[in-house]
Amino acid sequence: MVESIRLNLQGVLDESYDILIGYGLLESIPSDLKRNPIGRKYAVITDSNLRDLYGEKLLRGLKKENINACLITVPAGEESKSLDMVKYLAEKLLENKLDRKSAIIALGGGVIGDLSGFTASIFMRGIPYIQVPTTLLAQVDSSIGGKTAVDTKEGKNLLGAFYQPKRVYIDPSLLKTLPEREFISGIAEVIKYGVIYDRGFFEYLERNVDEIRSLNEEKLYHIIRTSCLIKKSVVEEDPRDENKRAILNYGHTPAHALERLSGYKCLHGEAVSVGMRISGWIAVKKGFWRIDEWKRQNKLIESFGLPLRMEFNLEEFIKTLYYDKKIEEGVLMFVFPKRIGEMASINGRYKIPVSEEELRLFLAELADI
């Protein structure tokens, strides 16, 4: 006899959280956490570039509110997104006596957010964490949605977890100290939102290139807020990346391969901009997208000073693509625009297969354009 006992967890977890956006918000984080605590003790995790710039300031603010906190620093750069660094952080958290009632504050860009979030997801089987993104890319994209991960030698973000933050504090004034190259890198993700979801937003970007590049406060606030609203909408519809959320990875399949092949010397947004040109071209060749809209996308990318081309070995590039998480049963999967502001789907599925033979042919043609 076999007896079945069902454990029903449907609807048990509520992973909702607030995304707060405002100039000067960094200053008010300690008082907000005093009023609305996430943990009894906090570990602020930041990188070596940000420790003196913002980390010590945030720590002083927390202590001024009589909040128990410590500061942990990791080396700046993509190399810190590793299991070795997760081990280091876990040891530091234990050394500072954090427990299951404690919380992590991730103060930094995408690397710090991904690394801290993943560490939070496994430390003592999971403790809360807060995102305080300091780069445009993190403010509009990686700090929202709960994707946490570290890299391996085989590829980017291959070890990770869906683990939502408890709160996100976005302070656009932090971007004033961001190097211009880093800021422009983040614009690639902003352009992506226009292509995949909102034609009006795409047109807004076309009209306001110079003001956005000069960090006009009103324009900057608008693009951050709109990007967050778009990501919020997509994540709410598909929190576990089972279908629709894949559109957020437009351009990312080739981008992750390019990043790895460059030894992570190119910035993520630079790889994404090249990846959008590649993915968009494949969309044109497969009949999903009009070539004039592909050219319009590329013109906007170029107008912000982002690259459209990178040198790479075709065979190495294709080999590296097979480490992408969207691979299904050994088949390369891409997401494609149907028109600016809308993505293509086949039978309701947004991941669309591309054969290796097609890819070789299309990339050979693209090399001549």
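Structure first, text after, so check above.
Please read all numbers here as calculations on a predicted model, not as lab measurements. (Residues numbered from 1 in each chain as written. Predicted model: local features only at pLDDT ≥ 70, side-chain atom pairs only at ≥ 80, totals over all residues. Heavy atoms only, no water.)

**Q** Help me understand the pairing of strand β6 (residues 147–152) in this model?
**A** Along a regular strand, successive side chains alternate from one face of the sheet to the other. As paired strands, β6 and strand β7 (residues 155–162) are joined by 5 bridges and run antiparallel to one another. Looking at the pairing, V150 lines up with L159 of β7. In textbook terms, the turn of a hairpin is the stretch between consecutive antiparallel strands, and for β6 and β7 this stretch comprises 2 residues. (Pairing = 2+ DSSP bridges. Helix = DSSP H or I, 4+ residues; strand = E, 2+ residues; numbered from the N terminus.)

**Q** I tried to follow the packing of aromatic side chains on my own but got confused; where do I start?
**A** The way to describe two aromatic rings as a pair is by their centre distance and the angle between their planes. Scanning the entire structure with this criterion turns up 5 aromatic pairs. Aromatic side chains F312 and F317 sit 4.5 Å apart centroid to centroid with 35 degrees between the ring planes, which places their arrangement in the tilted category. Plain terms: the ring middles of F334 and F336 are 5.9 Å apart, the flat faces sit at 10 degrees to each other, and that makes the pair stacked. Overall, F334 belongs to the buried group, its relative accessible area being 2%. (Phe/Tyr/Trp six-rings, centres within 6.5 Å; stacked < 30°, edge-to-face > 60°. Buried < 20%, exposed > 50% of the residue type's maximum accessible area, 1.4 Å probe, protein only.)

**Q** Whenever I open this one, the pairing of strand β2 (residues 41–47) confuses me. Can you help?
**A** Burial runs high along β2: 7 of the 7 residues are buried. Side chains K41, A43, I45 and D47 project from β2 onto one buried face, and the interleaved Y42, V44 and T46 project onto a second face that is buried too. With helix α2 (residues 51–64) bridging β2 and its parallel neighbour strand β3 (residues 68–74), the resulting β-α-β unit is right-handed. Across 4 bridges, β2 lies against strand β4 (residues 103–108) in parallel orientation. Paired with Y42 across the strands is A103, a residue of β4. (Right-handed = clockwise from strand over helix to strand, strands pointing away.)

**Q** Help me understand unusual backbone geometry in this model?
**A** If a residue is not glycine, its phi is most likely negative; likewise, a peptide bond is most likely trans. Positive phi is not limited to glycine here, since Y264 has a value of about 60 degrees. You can see Y264 is positioned in the loop between α10 (252–261) and α11 (268–285). In this structure, N347 takes a positive phi of about 55 degrees despite not being glycine. Along the chain, the position of N347 falls in the loop between β11 (342–343) and β12 (352–354).

**Q** What is the right way to read the nonpolar core from this model?
**A** Where a protein is soluble and globular, its nonpolar side chains tend to be buried together. Within the largest apolar cluster, 70 residues are counted, with the highest numbers of intra-cluster contacts made by L136, F183, I187, I191, I223, I224 and L359. Among residues more than four places away in sequence, those in contact with L136 are L175, L178, F183, G186, I187, V190, L220 and I224. (Core = buried A, V, L, I, M, F, W, Y, C linked by side-chain atoms within 4.5 Å. Contact = heavy atoms within 4.5 Å.)

**Q** Honestly, the environment of Q164 in this entry has me stumped. Any pointers?
**A** With respect to the helices and strands, the residue Q164 is situated in the loop between β7 and β8 (167–170). Judged by relative accessible area, Q164 falls into the buried class, the value being 12%. Put simply, Q164 and S121 are 43 residues apart on the chain and 8.9 Å apart in space, counted from C-alpha to C-alpha. Within the local environment of Q164, its side chain forms a polar contact with the side chain of Y17, the two groups lying 2.9 Å apart. Reaching out from Q164, the side chain makes a polar contact with the backbone nitrogen of G146 at a distance of 3.2 Å. (Polar contact = N/O pair within 3.5 Å; in protein donor to acceptor, adjacent residues only side chain to side chain.)

**Q** I'm lost on the sheet that holds β4 in this one. Help?
**A** Within a sheet, adjacent strands bond to each other through the backbone by hydrogen bonds, running parallel or antiparallel. What the 6 strands build is an open sheet, ordered β1-β8-β5-β4-β2-β3; its pairing is parallel. At either end of the open sheet lies a strand with only one pairing partner, and these are β1 (18–21) and β3. Averaged over all pairs of adjacent strands, the angle between strand axes in this sheet comes to 15 degrees, irrespective of strand direction. Pairing of strand β5 (residues 129–133) with β8, which is carried by 2 bridges, proceeds in the parallel orientation. Bridge pairing in β8 places I130 opposite R167. Contacting β2, β3 and β4, α2 crosses the sheet at an angle of about 170 degrees to β3. (Axes fitted to C-alpha atoms, helices over the stretch in contact; angles between N-to-C directions.)

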